[in-house]
Amino acid sequence: MENKELIFDNNADILIERADLTKEPPAEEPYRQYWFIKKARELIKAKSEELGRPLTSSTVTFGCQMNARDSEKLAGILERMGYVEVQEEEADFVIYNTCTVRENANLRVYGRLGYLHSLKKKNPHMMIGLCGCMMQEPQVVEKLKKSYSFVNLIFGTHNIYKFAELVVSALLSDHMVIDIWKDTDKIVEDLPSQRKFPFKSGVNIMFGCNNFCSYCIVPYVRGRERSRNPKDIVREIEHLVADGVVEVMLLGQNVNSYGKNLEEPMTFAQLLQEIEKIEGLKRIRFMTSHPKDLSDELIEVMKNSKKICKHLHLPLQSGSTDILKVMNRRYTKEQYLNLVERIRAAIPDISLTTDIIVGFPGETEEDFLETMDVVEKVQYDSAFTFIYSKRTGTPAAAMENQIPEDVVKDRFDRLLSKVQEIGRDMSSRDTGTVQEVLVEEQNSQDPHLMTGRLSNNLLVHFEGDTSLLGQICQVRLDECRGFYYMGTKVG
Ligand code: 5AD
Ligand code: SF4
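**Student:** How do you make sense of the site of ligand 2 when you look at a structure like this?
**Tutor:** Around ligand 2 lies a shell formed by Cys209, Asn211, Phe212, Cys213, Tyr215, Cys216, Val218, Pro219, Gln253, His290 and Arg329. In terms of residue class, the shell around ligand 2 is made up of 7 nonpolar, 3 polar and 1 charged.

**Student:** Looking at this structure, I do not really get the sheet that holds strand β2 (residues 84-85). What am I missing?
**Tutor:** Either a parallel or an antiparallel arrangement is found when strands of a sheet pair, and the pairing is made through backbone hydrogen bonds. Overall, parallel pairing links the 6 strands, which are arranged β2-β1-β3-β4-β5-β6 in an open sheet. Every interior strand has two partners, whereas the edge strands, β2 and β6 (177-179), have only one. Strand direction decides the pairing type here: strand β5 (residues 153-155) and β6, joined by 3 bridges, are parallel. Bridging across to β6, Leu153 finds its partner in Val177. The sheet contacts of helix α4 (residues 103-122) involve β1 (56-61), β3 (93-98) and β4 (127-132), and relative to β3 the element is tilted by about 175°.

**Student:** Just to check I follow, could you spell out unusual backbone geometry for this structure?
**Tutor:** Most peptide bonds adopt trans geometry, and most residues besides glycine take a negative phi value. Put simply, Glu29 and Pro30 share a cis peptide bond, and its omega is 5°. The residue Pro30 is located in the loop between α1 (10-18) and α2 (31-51) in this model. A cis amide bond links Met287 with the next residue in sequence, Thr288, at an omega value of 5°. Here Thr288 is to be found in the loop between β11 (283-287) and α10 (296-304). Backbone geometry at Asp190 places phi at a positive 70°, although glycine is not the residue there.

**Student:** Looking at this model, I keep getting lost on the side chain of His290. Mind explaining?
**Tutor:** Summarising the element assignment, His290 is placed in the loop between β11 and α10. The residues touching His290, leaving out its near neighbours within four places in the chain, are Asn211, Cys213, Asn254, Asn256, Arg329 and Tyr331.

**Student:** Is there a simple way to think about the side chain of Asn97 in this case?
**Tutor:** By secondary structure assignment, the location of Asn97 is in strand β3. Within the structure, Asn97 has its side chain in polar contact with the backbone oxygen of Asn67 (distance 3.1 Å). Here the side chain of Asn97 touches Ser71 through a polar contact of 3.1 Å, side chain to side chain. Those residues in contact with Asn97, other than ones at most four positions away along the chain, are Val60, Thr61, Phe62, Asn67, Asp70, Ser71, Leu74, Cys131 and Gly132.

**Student:** Where do I start with the packing of helix α13 (residues 365-378) against helix α14 (residues 405-427) in this structure?
**Tutor:** Between two packed helices, both the angle of their axes relative to each other and the distance between the axes serve to describe the pair. At a minimum axis separation of 10 Å, α13 and α14 run at an interaxial angle of 10°. The orientation of α13 relative to α14 falls into the category roughly parallel. Seen from α13, the contacting residues are Glu365, Phe368, Leu369, Thr371, Met372, Val375 and Glu376; seen from α14, they are Arg411, Arg414, Leu415, Lys418, Val419 and Ile422. Partitioning the contact of α13 with α14 into residue classes produces 7 nonpolar, 1 polar and 5 charged.

**Student:** Before we go on, may I ask you to explain the state of the cysteines in this structure?
**Tutor:** Formally, a disulfide is one covalent bond, and it connects the sulfur atom of one cysteine to the sulfur atom of another. Throughout the structure, instances matching the rule amount to 0 disulfides. In this model Cys480 remains outside any disulfide bridge; the closest cysteine sulfur is found in Cys309, 19 Å from its own.

**Student:** What is the right way to read the site of ligand 1 from this model?
**Tutor:** The environment of ligand 1 is formed by Val101, Arg102, Tyr215, Gln317, Asp355, Ile357, Phe386, Ile387, Tyr388, Ser389 and Arg391. With respect to ligand 1, the side chain of Asp355 contributes an N or O atom lying 2.6 Å from an oxygen atom. Surface burial for ligand 1 is 85%, taken as the share of its 400 Å² of free accessible area covered by protein chains. Counting only elements with at least two residues in the shell around ligand 1, the list comes to β13 (351-358) and β14 (382-387).

**Student:** I'm lost on α13 in this one. Help?
**Tutor:** For an α-helix the count is 3.6 residues per turn, leaving residues at separations of three or four pointing the same way. The terminal C-alpha atoms of α13 lie 20 Å apart, and with 14 residues this matches the ideal 20 Å at 1.5 Å per residue to within 8%. Looking only at α13, the buried set comprises Asp367, Phe368, Thr371, Met372, Val374, Val375 and Val378. The buried residues of α13 occupy an angular sector of 155° when the element is viewed end-on, so they sit on one face. Along α13, the residues that are exposed and aim more than 90 degrees away from the buried face are Glu366 and Lys377. Looking at the buried positions of α13, the neighbouring elements they touch are α11 (321-326), α12 (333-346), β13 and α14. A positive phi of about 60° marks Gln379, the residue just after α13.

**Student:** How should the pattern of salt bridges be read in this particular structure?
**Tutor:** Under the definition given, this model contains 41 salt bridges. Close ionic contact of Asp179 with Lys162 constitutes a salt bridge, the shortest N to O distance being 3.2 Å. With a gap of 17 residues between them, Asp179 in strand β6 and Lys162 in the loop between β5 and α6 (163-172) connect regions that are remote in the sequence. For the pair Asp179 and Lys162, a shared accessibility class is recorded, and that class is buried. Among the salt bridges present, the one from Asp243 reaches Arg195, with a minimum N-O distance of 3.1 Å. Of the two residues, Asp243 sits in the loop between α8 (230-242) and β10 (247-251) while Arg195 sits in the loop between β6 and β7 (200-204), which places them 48 residues apart along the sequence. Overall, Asp243 belongs to the partly exposed group, its relative accessible area being 40%. Take Arg195: its relative accessible area is 17%, and that puts it in the buried class. One network of salt bridges, with partners in common, ties together Arg69, Glu72, Glu189, Arg228 and Glu236.

**Student:** Is there a simple way to think about the packing of α8 against helix α9 (residues 268-276) in this case?
**Tutor:** In the contact formed by α8 and α9, the axes pass within 10 Å of each other and the chain directions differ by 30°. Viewed along their axes, α8 and α9 form a crossing whose handedness is right-handed. Of the residues in α9, those touching α8 at Pro230, Ile233, Val234 and Ile237 are Leu271, Glu274 and Ile275. Of the residues belonging to the contact of α8 with α9, the class tally is 6 nonpolar, no polar and 1 charged.

**Student:** Explain the pairing of β14 here, please?
**Tutor:** In the case of a regular strand, side chains alternate between the two sheet surfaces. The pairing of β13 with β14 spans 6 bridges and is parallel. Within β14, the position partnered with Asp355 by the bridge is Phe384. Of the crossover connections in this fold, the one passing from β13 over α13 to the parallel β14 is right-handed.

**Student:** Would you mind showing me how to read the sheet that holds β10 here?
**Tutor:** Sheet architecture is open: 3 strands sit in the order β7-β10-β11, paired in parallel fashion. The open sheet has two edge strands, β7 and β11, and neither has a second partner. For this sheet the average axis-to-axis angle between neighbouring strands, irrespective of direction, equals 25°. Of the pairings in the sheet, the one linking β7 to β10 comprises 5 bridges and is parallel in character.

Reading the values: the criteria
- Residues numbered from 1 in each chain as written.
- Chains lettered and ligands numbered in written order.
- Predicted model: local features only at pLDDT ≥ 70, side-chain atom pairs only at ≥ 80, totals over all residues.
- Heavy atoms only, no water.
- Near = heavy atom within 4 Å.
- Nonpolar A, V, L, I, M, F, W, Y, C, P; charged D, E, K, R; others polar.
- Pairing = 2+ DSSP bridges.
- Helix = DSSP H or I, 4+ residues; strand = E, 2+ residues; numbered from the N terminus.
- Contact = heavy atoms within 4.5 Å.
- Axes fitted to C-alpha atoms, helices over the stretch in contact; angles between N-to-C directions.
- Polar contact = N/O pair within 3.5 Å; in protein donor to acceptor, adjacent residues only side chain to side chain.
- Parallel < 35°, antiparallel > 145°, perpendicular 65-115°, else oblique.
- Disulfide = S-S within 2.5 Å.
- Areas by Shrake-Rupley, 256 points an atom, 1.4 Å probe, with all protein chains shown as cover.
- Expected span 1.5 Å × (residues − 1).
- Buried < 20%, exposed > 50% of the residue type's maximum accessible area, 1.4 Å probe, protein only.
- Arc of directions from axis to C-beta.
- Salt bridge = Lys/Arg side-chain N within 4 Å of Asp/Glu carboxyl O.
- Left-handed = near helix turned anticlockwise from the far one by under 90°.
- Right-handed = clockwise from strand over helix to strand, strands pointing away.

Next up, the structure:
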């Protein structure tokens, strides 16, 4: 068997070529998947010759950055099978990578499946696949089986690494192929992927969550917390850097508890220090941080780092200690505010963002005012505000004192306007300064303008051309317009 140290991305391509289709598929991963990618290539080539045109694929992502990264793997595998990627959903293979964190996400998927059905009626070769968090809910799969029988393939979050094998099963079957696992302790490395941006990439450092916040479905659909081996993470980033990446976003549901379940335990702060050493890597971001696990060691490492961006996403969820207790967040209002104080004392120019839920069962007007008070005190650069959504199977869904819709809506509106008012003020605080930006895209409305991202995650538009893409430039922030800047490149 090949030396594991040698495998990565382009090497995956070499190993796909080497797969021997005259033999049975190997049992060992990821070689097994390489074999199935090559097998799919044969099937797709034959179909394409029969139809006299290339076959197309479309990967559609719902939800968080974890899903976005998973989708890059799905797209990379489809591409290596011989599908030509297209943006629109009028394709021969459409895969929806779903989210179920709020009810709305599920409703959107059902809605769009109706549209896909109409496309499939016009193109009988069309294959439809569904994966991701929503598929881990048994009642969803039941509903799909009953009312959406035109779907070809359904799988969940734990066996996404088997995508190639599942596609081959679906291509060879005229029934719906369903493969959902309850949990896994397996982490399969070295699957091919196709990055959305050449110069930045998400990197999973851990999977799953052990926190069981009482409103949240994630621990049930993503399973128990598993950290990747630090050597595998560093090796992946080194290869990404060799391939042109300058910024990584380390991904995990709760990055601050990274490393606890490793054979040789390691803290997240220690992992960051290892990643900092990677030559050629310019910026490090991460999400999400749980306030209860954010250590002084991490604050110190962030303070001394040249590469870690000056941005921390620190979900508050509620400002009321009573509600936080029922949410099972395991911190109080005072502990949260104290943590923010320590972070700001060490890193004064850091930008803080957050997630807040309004209308959690039992939330009184007083509880809500506590949340408003924290928002006022912390002065977030921005905040994602969510209306509480009942997720079947979570403890909060069974709580009796659910809040009436009109009360929630009124609180939500008040919170949103407060968050926006503060965000606008906070965003403008660097006006007149020169900052480093990573140039990410050409402005879609005005092609003379390029868009860059500041260390604190805000965007700035400035005159330039596409030769700057992926570069770090010095830009003067001339004027803040709400939540972004207009600037001038000075170096
Ligand atoms: N209802 C509303 N918002 C939720 N979130 C998680 N679960 C729910 C729910 N049941 C929010 C939290 C989390 C973000 C990703 O989604 O604020 O931080
Ligand atoms: Fe959900 Fe809480 Fe885990 Fe975040 S930390 S994924 S909110 S259970």
